[in-house]
Amino acid sequence: MHDSAHGGAHGGVYDLLGVGIGPFNLSLAALCDGVPGLRALFLDRRPSFSWHPGLLLEGTVLQVPFLADLVTMADPTSRWSFLNYLREHERLFPFFFSERFHVPRREYDHYCRWVAERLPSCRFGAEVTAVEWDAADGAFAVTHRSADGREARVLARRVVLGVGTGPAVPEALRPLLSPAHAGRVLHSADYRAHRAALAARDDVTVVGAGQSGAEVVLDLLRHQDGEGRGGPYVRWLARTPAFAPMEYSKIGLEHFTPDYVHYFRGLPEATRERLVREQWQLYKGVSAETLADIHDELYERTIGGRRPRAGLHPGVEVTAARPDGDGYVLACRHAEQGTEFEVRTSAVVAATGYAAVRPAFLDPLEKLVDWDDRGRYRVDGSYRVALDPAVTGTLYVQNAELHTHGVGAPDLTLGAWRAATILNSAAGRTVLRVPRQAAWTTFGAPGPHAGEAVR
């Protein structure tokens, strides 16, 4: 059946339909709001907006400045800005006096919920089950199901995939991700739900050197008493050669500009693959403040000649894992020494990041998508997915293009700019002006004039 309330038989075809309402598609929805002649709809299976709820811990902050909100970097005049959110909640003066550039993560989540609940184009509790190409109508047919099981079908000329990424778990730990080990072996995405139980265990091992791993380690350390006696022994393992801070120099951050995206797209595929691996500190490092907090907690534990009940072990890869009594044994390998050893622990938190996933609802389009050799989307400069020429509609992706657009893909800094780029492409005109140059750095060889990049 057609969705008579939101297009379909009674309202025609949508110009733009977003699947998934995370920060990136919510950014697009906010920028679309009020654009004349553009009919947009955004669907999400969840009952309401929620951003990484498992890691909304007290004291954690966003790793990007508050200006990297849903709209400001593309349209500072938008009523959906973070500053207007503060104004609407009568918190502008407290925010001003707090002198914060990086806001609490819980506040960012609340801000996004405030926007999502007020945008008429956003509909939650609507799970997309299929996206098909309807040649007769010259549009994508999107089937979605409500919480009560009712199905509806809408048509859209352009579809934007914003389903986000899924938790990535090393192959060695995957066999333990089962109901039998629930609450004892888990991804950091579920940490908050099991936080109290983990803090009560004797020994917890955190795997992964990124920000989420550091935050879990810090939280578990703070569950120890002031002398480090109560709470679990905290072990931190990571494949990276060091627990290193995220690159945060003013010039280094220019990797998160449109200039670098344009440069990266022009590189050979093999070079792009190598750069993504090498640039882990740009998007997988830990904030210097969090590392300092961990150090301070450990320092406190040494007062009076004690040793902290914690171990930090970089350069270590978990190669296998098995249950052992009421705990687990992790087989490990130290990369630089080439040595192998085992670790026994009561619980494991895999803070091993996220990876792009191919949603099942795309199965009807599988043969119409021009996948690359690794089964990933081929994405152009406007974030359009390469499709069979018979498809006259357009499919866009957000945060599924790390391999084609570089380290800025998962970063909130470029979210509004990318959304504006998609909006301009979908509208066929410049709805929002995007910068021609945003970096001082010339990525690549200089052009014929000093300071001019080769385009």
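As shown above, the structure is provided for reference.
How each quantity is defined
- Residues numbered from 1 in each chain as written.
- Predicted model: local features only at pLDDT ≥ 70, side-chain atom pairs only at ≥ 80, totals over all residues.
- Heavy atoms only, no water.
- 1 Å grid on protein atoms, 1.4 Å probe; cavity = no way out; pocket = protein on both sides within 12 Å on 5 of 7 lines; lining within 4 Å.
- Points joined across faces, edges and corners; volume = space filled by probe spheres on them.
- Nonpolar A, V, L, I, M, F, W, Y, C, P; charged D, E, K, R; others polar.
- Buried < 20%, exposed > 50% of the residue type's maximum accessible area, 1.4 Å probe, protein only.
- Helix = DSSP H or I, 4+ residues; strand = E, 2+ residues; numbered from the N terminus.
- Pairing = 2+ DSSP bridges.
- Contact = heavy atoms within 4.5 Å.

### Notes on empty space enclosed by the protein
Right, so step 1: Going through the model one piece at a time under the given rule, you end up with three cavities of 30 Å³ or more.
Right, so step 2: When its volume is computed, the largest cavity comes out at roughly 70 Å³.
Right, so step 3: Taken together, 13 residues form the lining of the largest cavity, with Val 163, Gly 164, Val 357, Gln 398 and Ala 400 sitting closest to its centre.
Right, so step 4: Residues that form the lining of the largest cavity fall into these classes: eight nonpolar, five polar and no charged.

### What about the pairing of strand β5 (residues 139-146)?
Right, so step 1: Of all eight residues in β5, six are buried; the element is thus mostly enclosed.
Right, so step 2: Relative to β5, strand β4 (residues 126-134) is paired through eight bridges, and the arrangement is antiparallel. Residue pairing across strands places Glu 127 opposite Arg 145, the latter belonging to β5.
Right, so step 3: Where β4 folds back onto β5 in an antiparallel hairpin, the turn is made up of four residues, including Gly 138, whose phi is positive at roughly 65 degrees.
Right, so step 4: As paired elements, β5 and strand β6 (residues 151-156) share six bridges and run antiparallel to each other. By the bridge assignment for β6, Thr 143 is matched with Arg 153.
Right, so step 5: The loop that links β5 with its antiparallel partner β6 comprises four residues; one of these, Gly 149, has a positive phi angle of about 95 degrees.

### Description of the environment of Thr 165
Right, so step 1: Along the polypeptide, Thr 165 turns up in strand β8 (residues 165-167).
Right, so step 2: What makes Thr 165 partly exposed here is its relative accessible area of 31%.
Right, so step 3: It is 21 Å that separates the C-alpha atoms of Thr 165 and Thr 60, two residues lying 105 residues apart in sequence.
Right, so step 4: Contacts of Thr 165, omitting those with residues within four sequence positions, involve Tyr 354, Ala 355, Ala 356 and Asn 399.

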